[in-house]
Amino acid sequence: GNTLLDEIIELMETAEQGRAKYVRLADRAASIYAPLVHFLGAATFLGWFLFSAVGWEVSLINAIAVLIITCPCALGLAVPVVQVVASSRLFKSGILVKSADGLERLAEIDTVIFDKTGTLTLGQPELANADDENVTPFTLELAAKLAKTSSHPLCRALIVACHDRDIPTIATDSEIHEEPGMGLKATINNITVKLGNREWCGINQNYLPNNRYSELWLKAEGAKPVLFCFKDRMREDSLDVVHWFLRRQLKVILLSGDRKDVVEEAAEELGLSRYKYECKPQEKIEIIERIKESGDKVLMIGDGINDAPALSAAYISISPSTAAEVSQNAADFIFQSQKLDSVVRAYQVSLKSRQLVFINFALAAIYNLVAVPFAAAGLLTPLIAAIAMSLSSVVVTANALRLNFQKLYRSHEG
């Protein structure tokens, strides 16, 4: 009950969304709408029957016309039809909408937080110091015994490096302890072996201070520590996407568990002044909570298992399809592309969806304000009322379909 997995599950359950806010608003309006419609129908019948000489048949026909023309189809369709069109448009762009009210919340953000490895970068680091004298087949095989059990991008890169050199990658039979954001530990042949960051392996923080690579350290009890350096590439459109959000006056922050040198270099490359390095999972949550307390609404974009609690803590969250399964479960959106421009397209669709929902509400309201007086005045027959009611549904549906013609952002298009 106290494991990281249990905490992540609890956060995800808390983050489970009910029906969309706009759907609830439409339902609330419909609940008021129904008795109001019946009242208008009854008032129309009594008004014609008591204050005119047309008889009860005409009075009833006019009342029926009011009931038909006030059918809340347009109001009922105002939100769902937009959601269906928006979800379909995003799905065609390789973006899966998981949360019922994800589009609504995404349209309200004012702060964007990026993880680095696997999010701004491809998450496909390569071993960069294979020629170092300490990086031997023996040390690689020993490191692989621990790395085999982890889904961390650096551990996966280490396994790939072993495969490229025909070095066995068999997980140890010993129990492996994983400390989130730190590393792995196991006892192999009565020797404690650690694989992880400098702090986890007890390495002097001033050792190799200018190393600009991502690091994994291997520390076997009684042996000299071994450094594995990895170089990861930025997604080709990371700079464009970050600047797109900055140009629209959104706050953009980089939070990474990586070392200071590596994160500072990435922030400089992306033109970001707000960043934090060596962030543990709980620190990311604390930062997000502080931002939320100030009234800002946070979009979190991350991929690692360590990002899952932060994804749940954020107001809205997005993960790539290459993310750890627990992070995908925590996220509100999943994007398939190797490019980061999917995040921008999801944001654009959310803004347009919100606009179309409000327009649909307005169309439904205008329709009733115009049509009901005509029906109550006896100027519309039930047949004409039925046609008008159907047309109102067609109008809100056609308005929602406009989303299919919106031009969405593509990398290098600005």
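Remember, it's a predicted structure, so these values are computed and weren't measured experimentally.

S.K.: Just checking my understanding: could you explain the sheet that holds strand β5 (residues 183–188) for this structure?
M.R.: Within a sheet, adjacent strands bond to each other through the backbone by hydrogen bonds, running parallel or antiparallel. Ordered by their spatial adjacency, six strands build an open sheet running β3-β8-β7-β6-β5-β4, and the pairing between neighbours is antiparallel. Edge strands, defined here as strands with exactly one partner in the open sheet, are β3 (126–127) and β4 (176–179). As judged from the four bridges shared by strand β6 (residues 191–196) and strand β7 (residues 214–220), these two strands associate in the antiparallel manner. The residue bridging Val193 from the neighbouring strand is Ala220, located in β7.

S.K.: It is not clear to me how the confidence of the model for the chain should be interpreted in this structure. Could you clarify?
M.R.: Looking at the chain, pLDDT values average 86 and 90% of them are 70 or higher. Of all secondary-structure elements in the chain, the lowest mean pLDDT belongs to helix α1 (residues 4–15), at 51, while strand β2 (residues 111–114) reaches the highest, 97. Taken as a whole, residues 14–19 scores under 50 in pLDDT and shows nine contacts with residues more than four places along the chain or in a different chain.

S.K.: Whenever I open this one, the sheet that holds β2 confuses me. Can you help?
M.R.: Within the open sheet, the seven strands sit side by side as β1-β13-β12-β11-β2-β9-β10. Their pairing is mixed. Only two strands of the sheet have a single partner each, and these edge strands are β1 (95–97) and β10 (275–276). The sheet contact formed by β1 and strand β13 (residues 333–335) spans three bridges and is antiparallel. From the neighbouring strand, Leu96 faces β13, where its bridge partner is Ile334.

S.K.: Is there a simple way to explain the pattern of salt bridges in this structure?
M.R.: Where charged atoms from two side chains of opposite charge approach closely, those side chains can pair. One pass over the full model with this rule turns up 15 salt bridges. Lys297 serves as the salt-bridge partner of Glu108, at 3.3 Å between the closest nitrogen and oxygen. Pair noted here: Glu108 is in the loop between α6 (102–106) and β2 and Lys297 is in the loop between α13 (281–293) and β11 (298–301), with a separation of 189 residues, a long-range link. Overall, Glu108 belongs to the buried group, its relative accessible area being 16%. The salt bridge partner of Asp115 is Lys284, with a shortest N-O separation of 3.3 Å. Here Asp115, found in the loop between β2 and α7 (116–120), pairs with Lys284, found in helix α13; they are 169 residues apart in sequence, far enough to count as distant.

S.K.: When you look at the pairing of strand β12 (residues 316–320) in this model, what are you seeing that I'm missing?
M.R.: A large share of β12 lies buried, amounting to five of its five residues. Here β12 shows no split at all, with Ile316, Ile318 and Pro320 on one side and Ser317 and Ser319 on the other all buried. Sheet topology note: the β11/β12 ladder contains three bridges and is parallel. Bridge pairing links Ile301 to Ile318 in β12. Chirality of the crossover, the property in question, places the unit of β11, helix α14 (residues 308–313) and β12 among those that are right-handed. The pairing of β12 with β13 spans three bridges and is classified as parallel. In the sheet register, Ser319 faces β13, and the bridge partner there is Ile334. With helix α15 (residues 325–330) bridging β12 and its parallel neighbour β13, the resulting β-α-β unit is right-handed.

What counts as what
- Residues numbered from 1 in each chain as written.
- Predicted model: local features only at pLDDT ≥ 70, side-chain atom pairs only at ≥ 80, totals over all residues.
- Heavy atoms only, no water.
- Pairing = 2+ DSSP bridges.
- Helix = DSSP H or I, 4+ residues; strand = E, 2+ residues; numbered from the N terminus.
- pLDDT = per-residue confidence, 0-100.
- Contact = heavy atoms within 4.5 Å.
- Salt bridge = Lys/Arg side-chain N within 4 Å of Asp/Glu carboxyl O.
- Buried < 20%, exposed > 50% of the residue type's maximum accessible area, 1.4 Å probe, protein only.
- Right-handed = clockwise from strand over helix to strand, strands pointing away.

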